[in-house]
Amino acid sequence: MNQGPTDLETMIAALNLLDHHGVDWQRVQRTAYLIHQHLRYEYPGPIYDLQQRLMIVPPEYYNDQRRIIYRLDVSVPDYEITSQDDDYGNAVLTVHVPQVAQSITFEVWIVIERHAGGPHYVPITLLTAAPFLQASALTQPNEALRAVAQELASDGATGLVLAKRINDWTHEALVYTHDVTTIRTTAAEALALGQGVCQDYSHIMLTLCRLCGLPARYVSGHLLGEGGTHAWVEVFLPSDERPEEAVAVPFDPTNGNLAGLSYLTIAVGRDYYDVAPTSGTFRASYRGQLSASKRVGLTVLEYANTPEEL
């Protein structure tokens, strides 16, 4: 739901952001979050026919996650917004602006709710879906990655055991370091560097999973307490409880754990290229400069058997 400025300002003003430090996540039953994201593009001069693609708003429903409300503000007076879902179910907003004098700002407010629940069941067809089993642009394996995959699966491990092993190995394979990789760095390049950020950890894990026959997808979103966007991996596994479906198990190789209620999903795909938060085209002889800021706040916290909204 996309409400007007007055409605949303009233709602946000009523929200009390909680201190998330010390939360006992094992006991949490329900949470809600406020995401506030600010994107500003600056150009040396005027640009024309801007087609800005934004993948910054989550789908209305994603497993136990529900989008309560959102609003996108654009700083120029003349623009059109269209919204559609892509092939992976992601919400894609396209903003057309005839002319930008020198700068443009996109500002979004989103309220999301999550409930603790059982497994994330998905269609069984995802177990054999080519996009999540085959290498993508950023997950092309080299000999080093093939050797690692062979070693990790050498004792015949499969399924959840193998996925956990890949997650643990990837967590230890890199040193978390900013500004040594870019959005175009492949899994093979990041592994050779031995350094990278969450995107690189995720691409390496995706590559190893796919080499081992485990279908997996890239997840882009937010992790409570982090300043930038975050990335993790969902591995699709057969379900014993529901043989007619599969289960998506979320792993965070950057932190070496499973992704829990403090993770907020925005978009999914084969790799980063499918879920880039911003992209677009315009007519001008120069490039723009992007600056971004984000805040994620906890607004509701209910523990099992002891509801508490602070």
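Now for a look at the structure at hand.

Analysis parameters
The residue count restarts for each chain, going from 1 along the sequence in the order it is written. Reporting in this predicted model follows two pLDDT cut-offs: at least 70 for local features of residues, and 80 or more for side-chain atom pairs to be given and counted; totals over whole chains, interfaces and linings ignore these cut-offs and use all residues. Side-chain calculation: all heavy atoms of the structure are included, whereas hydrogens and water are not. Secondary structure elements are defined from DSSP: runs of H or I of at least 4 residues count as helices, runs of E of at least 2 residues count as strands, and each element is numbered from the N terminus. Any residue under 20% of the maximum accessible area for its type is buried, any over 50% is exposed, and the rest in between are partly exposed; the area is computed with a 1.4 Å probe on protein chains only. Buried residues of nine kinds, namely Ala, Val, Leu, Ile, Met, Phe, Trp, Tyr and Cys, make up a nonpolar core once their side-chain atoms join them within 4.5 Å. Any two residues whose heavy atoms approach within 4.5 Å are treated as being in contact. N or O atoms within 3.5 Å of each other form a polar contact, as long as, within protein, one can give a hydrogen and the other can take it, and as long as residues adjacent in sequence are counted only when both atoms are side-chain atoms.

**A closer look at unusual backbone geometry**
Alright, step 1. The backbone phi angle of Asp49 is positive, close to 55 degrees, even though this residue is not glycine.
Alright, step 2. Residue position: Asp49 is located in strand S2 (residues 47-54).
Alright, step 3. With relative accessibility at 33%, the residue Asp49 sits in the partly exposed group.
Alright, step 4. Unusually for a residue other than glycine, Asp179 sits at a positive phi of about 65 degrees.

**Some details on the nonpolar core**
Alright, step 1. Ranked by internal contacts, the top residues of the largest apolar core, which has 39 residues, are Ile166, Ile204, Leu208, Leu214 and Val235.
Alright, step 2. For this core, the element with the highest residue contribution is helix H6 (residues 198-211), accounting for seven residues.
Alright, step 3. Look past the residues within four positions of Val235 in its chain and what remains in contact with it is Ala163, Met205, Cys209, Leu214, Pro215, Ala216, Val247, Ala248, Val249 and Phe251.

**Side note on the side chain of Asn90**
Alright, step 1. The topology assignment puts Asn90 in the loop between strand S5 (80-85) and strand S6 (91-100).
Alright, step 2. Under the relative-accessibility criterion, Asn90 is labelled buried at 2%.
Alright, step 3. Engagement of the side chain of Asn90 in a polar contact is seen with the backbone oxygen of Val268, the distance being 2.7 Å.

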